[in-house]
2 protein chains.
Amino acid sequence: MTDTTTYTEAEERIFEAALQAFARKGKDGARMQEIADAAQINKAMLHYYFRSKDKLYAAVFAYVFQRFFAGIGAAVEEAESFEAVLRTFITGYIDFLKDHQDVVRLMVNENLSGGEAVVQQVSTLKSADGNPVRALITRIAQATKTGEIRPVDPFQTALTVLSSCIFFFIVYPTMREMNPGVARDRDGFLEERKAHLIDLLVHGLHPRS
Amino acid sequence: MTDTTTYTEAEERIFEAALQAFARKGKDGARMQEIADAAQINKAMLHYYFRSKDKLYAAVFAYVFQRFFAGIGAAVEEAESFEAVLRTFITGYIDFLKDHQDVVRLMVNENLSGGEAVVQQVSTLKSADGNPVRALITRIAQATKTGEIRPVDPFQTALTVLSSCIFFFIVYPTMREMNPGVARDRDGFLEERKAHLIDLLVHGLHPRS
DNA sequence: GAAAGTGTCAACCATCTGGTTAATCGTTAC
DNA sequence: GTAACGATTAACCAGATGGTTGACACTTTC
């Protein structure tokens with residue numbers, strides 16, 4: 001799970017179950033019994049492995065935070081043109097989000113309830129030079145300097161790109177309800193979304209006009 | 001609160017406190033005692049006025065849902081050019097979100113936990129012809145037909161606009177932590193954000209190129 | 001083969017949580 | 001004045017919840 005830690009089978013199941021529970025109901029809303037049931041173990045085992053709910057949540061959130069930014073990092077590939085960067089980023093990141101929806105949910109949930117757990121995690125990113133968001137911002141800034149794209153605010157632009165990719169996964173239940181077509185062919189919709197975002201952003205950032 | 005209902009002072013305080021609590025911790029995470037304390041009343045009064053936690057949540061969420069879409073509706077003004085529509089929408093909607101952050105939070109929280117409460121509320125929008133999101137989509141579709149903007153997918157475009165406006169408020173704690181400058185001058189940042197989004201979208205949707 | 005370490009479990013406990021109740025207070029009605 | 005009524009409260013309750021415990025396997029180690 002975390003890069004430096006190895007987990008047993010049981011721990012893995014607990015971790016997975018906890019991630020899902022915390023993602024859906026938040027730290028307070030999730031129940032230890034419910035997590036134990038989902039992991040198919042006795043409730044006492046939760047405490048045997050993770051001491052307390054706080055510790056379990058901390059472990060899960062640390063994992064989620066790292067994965068979330070790793071996902072961004074993996075999507076910011078080196079590429080010749082900025083358009084290629086944009087294209088691979090949007091494609092790669094949406095695919096990542098599709099495969100890690102609980103990661104997004106828990107990340108958002110933590111933010112909604114104040115984001116205290118975020119504080120410690122952010123420092124890990126800073127100390128390691130690899131803050132993927134900053135890498136993305138830097139790449140945008142560079143492209144504005146070379147004139148490859150219009151002179152936009154790199155920070156705002158990065159935020160817009162991330163917003164446009166992530167938001168759909170947050171409000172999916174509402175969208176499903178308002179436009180059942182989206183639910184009927186989710187993957188198709190996401191492919192459309194990739195194409196739309198690439199198209200819109202390429203045009204929006206294209207120099208001159 | 002809701003257009004058809006009148007509330008007493010006490011009910012108003014309860015409602016406000018409940019909105020805040022539910023927005024931050026979700027339906028399960030929020031505590032009735034905590035809501036009562038915040039509303040400065042005896043816990044029994046919660047049940048006196050709202051019967052049960054479920055009923056209270058339902059009332060609050062109904063309000064939130066209506067406000068959320070009313071906020072979108074208010075921002076979709078009639079305007080001559082599509083650029084003017086875009087400009088007033090982004091400006092108006094970000095201002096709305098700034099003033100109703102708990103509305104956004106609860107809306108998101110409900111989505112994270114499955115969005116069961118959304119189902120009933122969506123039907124209220126459908127029956128009334130005023131579904132503001134659909135109005136926005138229609139306006140975009142119209143602009144593509146007149147050639148005022150490029151032939152983009154109206155639905156995807158509307159989603160992108162909404163994403164870009166709302167997302168910031170969802171992940172604010174993380175942003176604050178990663179870039180303290182944002183927190184230092186939040187209002188300034190939001191003004192920048194309006195300008196950035198208008199600029200990016202106007203260019204991204206501008207015909208030809 | 002016994003000691004030691006690692007899992008596993010049912011039962012248990014103190015506390016918390018949503019919800020109820022019965023008594024009381026303040027105002028209005030007659 | 002008192003009956004009636006809504007508002008308000010402290011005390012209470014049953015069930016849920018996070019967490020603990022002591023007994024019991026199973027395996028390893030020497």
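Located above this text is the structure these notes cover.
Summarised in this report is the structure supplied together with it. These figures come from a predicted structure and were not determined experimentally. (Residues numbered from 1 in each chain as written. Chains lettered and ligands numbered in written order. Predicted model: local features only at pLDDT ≥ 70, side-chain atom pairs only at ≥ 80, totals over all residues. Heavy atoms only, no water.)

## Comments concerning the packing of aromatic side chains
Next up, step 1: Enumeration according to the criterion identifies 28 aromatic pairs over all chains in this entry.
Next up, step 2: Each ring, one from A:F22 and one from A:Y57, has its centre 4.9 Å from the other, and the planes form 90 degrees; the classification is edge-to-face. In this pair, A:F22 sits in helix α1 (residues 9-29) while A:Y57 sits in helix α4 (residues 53-75), placing the two residues 35 residues apart along the sequence.
Next up, step 3: Note on A:Y57: relative accessible area 5%, which makes it buried.
Next up, step 4: Taking the centre distance of 5.6 Å and the plane angle of 65 degrees together, the rings of B:F168 and B:Y172 count as edge-to-face.
Next up, step 5: Taken together, the ring pairs connect A:F22, A:Y57, A:F61, A:F65, A:F68, A:F69, A:F89, A:Y93 and A:F96 into an aromatic cluster.
Next up, step 6: Its end group placed over the ring of B:Y172, B:R186 keeps NZ or CZ at 4.2 Å from the ring centre. (Phe/Tyr/Trp six-rings, centres within 6.5 Å; stacked < 30°, edge-to-face > 60°. Helix = DSSP H or I, 4+ residues; strand = E, 2+ residues; numbered from the N terminus. Buried < 20%, exposed > 50% of the residue type's maximum accessible area, 1.4 Å probe, protein only. Lys NZ or Arg CZ within 6 Å of the ring centre and 35° of its normal.)

## Topic: the relation of the copies chain A and chain B
Next up, step 1: Superposition record for chain A on chain B: RMSD 0.1 Å, screw rotation 180 degrees, translation along axis 0.0 Å. Taken together, the rotation angle and the small translation identify this as a two-fold axis. When C-alpha distances to the rotation axis are compared across chain A, the minimum falls at A:G204, with a value of 1.7 Å.
Next up, step 2: Residue by residue, 100% of the interface of chain A is reproduced at the interface of chain B, so both copies engage with the same surface. (Least-squares fit on C-alpha atoms with pLDDT ≥ 70 in both. Contact = heavy atoms within 4.5 Å.)

## Overview of the pattern of salt bridges
Next up, step 1: Taken as a whole, this structure holds 20 salt bridges over all chains when the rule is applied.
Next up, step 2: For B:D54, the salt bridge goes to B:K27, with nearest N and O atoms at 2.7 Å. Residue B:D54 is located in helix α4 (residues 53-75), and its partner B:K27 is located in helix α1 (residues 9-29); the two are separated by 27 residues in the primary sequence.
Next up, step 3: Note on B:D54: relative accessible area 48%, which makes it partly exposed.
Next up, step 4: The salt bridge involving B:D95 is made with B:K194; its shortest N-O contact spans 2.8 Å. Here B:D95 is found in helix α5 (residues 82-99), whereas its partner B:K194 is found in helix α12 (residues 186-205), with 99 residues between them in sequence.
Next up, step 5: With relative accessibility at 6%, the residue B:K194 sits in the buried group.
Next up, step 6: Each of A:D95, A:K98, A:D187, A:E191 and A:K194 takes part in a single network of salt bridges with overlapping partners. (Salt bridge = Lys/Arg side-chain N within 4 Å of Asp/Glu carboxyl O.)

## Some remarks on helix α9 (residues 154-170) of chain B
All names here are of chain B.
Next up, step 1: Between its first and last C-alpha atoms α9 spans 24 Å; for 17 residues at 1.5 Å apiece the expected length is 24 Å, and the two agree.
Next up, step 2: Counting buried positions along α9 yields 16 of 17 residues, so the element is predominantly enclosed.
Next up, step 3: Put simply, D153 is the residue that caps the front of α9, since its side-chain oxygen is 2.9 Å from the backbone nitrogen of F155. (Expected span 1.5 Å × (residues − 1). Polar contact = N/O pair within 3.5 Å; in protein donor to acceptor, adjacent residues only side chain to side chain.)

## A closer look at the nonpolar core
Considering soluble globular proteins, one finds that nonpolar side chains tend to be buried as a cluster.
Next up, step 1: In this structure, A:F89, A:I90, A:Y93, B:F89, B:I90 and B:Y93 are the most contacted members of the largest nonpolar core, which totals 155 residues.
Next up, step 2: Leave out the neighbours within four places in its chain, and A:I90 touches A:V161, A:C165, A:K194, A:L197, A:I198 and A:L201. (Core = buried A, V, L, I, M, F, W, Y, C linked by side-chain atoms within 4.5 Å.)

## Topic: the interface of chain A and chain B
Next up, step 1: The partner chain B presents 59 residues to the 59 residues of chain A that form the contact.
Next up, step 2: Carbon and sulfur atoms make up 61% of the area that chain A and chain B hide from each other, which totals about 5100 Å².
Next up, step 3: Looking at the side of chain A facing chain B, the largest losses of area belong to A:L112, A:F167 and A:M178, adding up to 15% of the total buried there.
Next up, step 4: Between chain A and chain B we count two salt bridges in total.
Next up, step 5: A:R150 is the partner of B:D199 in a salt bridge, and the nearest nitrogen-oxygen pair spans 2.9 Å.
Next up, step 6: On inspection of chain A and its partner chain B, the count reaches 18 residue pairs in polar contact (both at pLDDT 80 or more).
Next up, step 7: Looking at the side of chain A that touches chain B, the elements with two or more residues in it are α1, α6 (101-112), α7 (116-127), α8 (132-145), α9 (154-170), α10 (172-178) and α12 (186-205) of chain A.
Next up, step 8: Class assignment for the residues of the side of chain A that touches chain B results in 27 nonpolar, 18 polar and 14 charged. (Buried area = accessible area lost by both parts, 1.4 Å probe. Nonpolar A, V, L, I, M, F, W, Y, C, P; charged D, E, K, R; others polar.)

## Topic: the protein's contact with DNA strand D
Next up, step 1: Taken together, the neighbourhood of DNA strand D is formed by 13 residues, with A:M32, A:K43, A:K53, B:M45 and B:Y48 sitting nearest.
Next up, step 2: In DNA strand D, the atoms that sit within 4 Å of the protein are 61% sugar and phosphate, with bases accounting for the remainder.
Next up, step 3: Between a base oxygen of DNA strand D and a side-chain N or O atom of A:K43, the distance comes to 2.5 Å.
Next up, step 4: Take B:Y49: an N or O atom from its side chain is 3.2 Å from a phosphate oxygen of DNA strand D.
Next up, step 5: Counting residues per element, the surface near DNA strand D draws most heavily on helix α3 (residues 43-50) of chain B, which supplies four residues.
Next up, step 6: When grouped by side-chain class, the residues that make up the surface near DNA strand D number seven nonpolar, three polar and three charged. (Near = heavy atom within 4 Å.)

## Description of the environment of A:S164
Next up, step 1: Residue position: A:S164 is located in helix α9.
Next up, step 2: In this structure the C-alpha to C-alpha distance between A:S164 and A:S123, which are 41 residues apart in sequence, comes to 26 Å.
Next up, step 3: Contact partners of A:S164, with chain neighbours within four places excluded, come to A:R193, A:L197, B:T160, B:S163 and B:S164.

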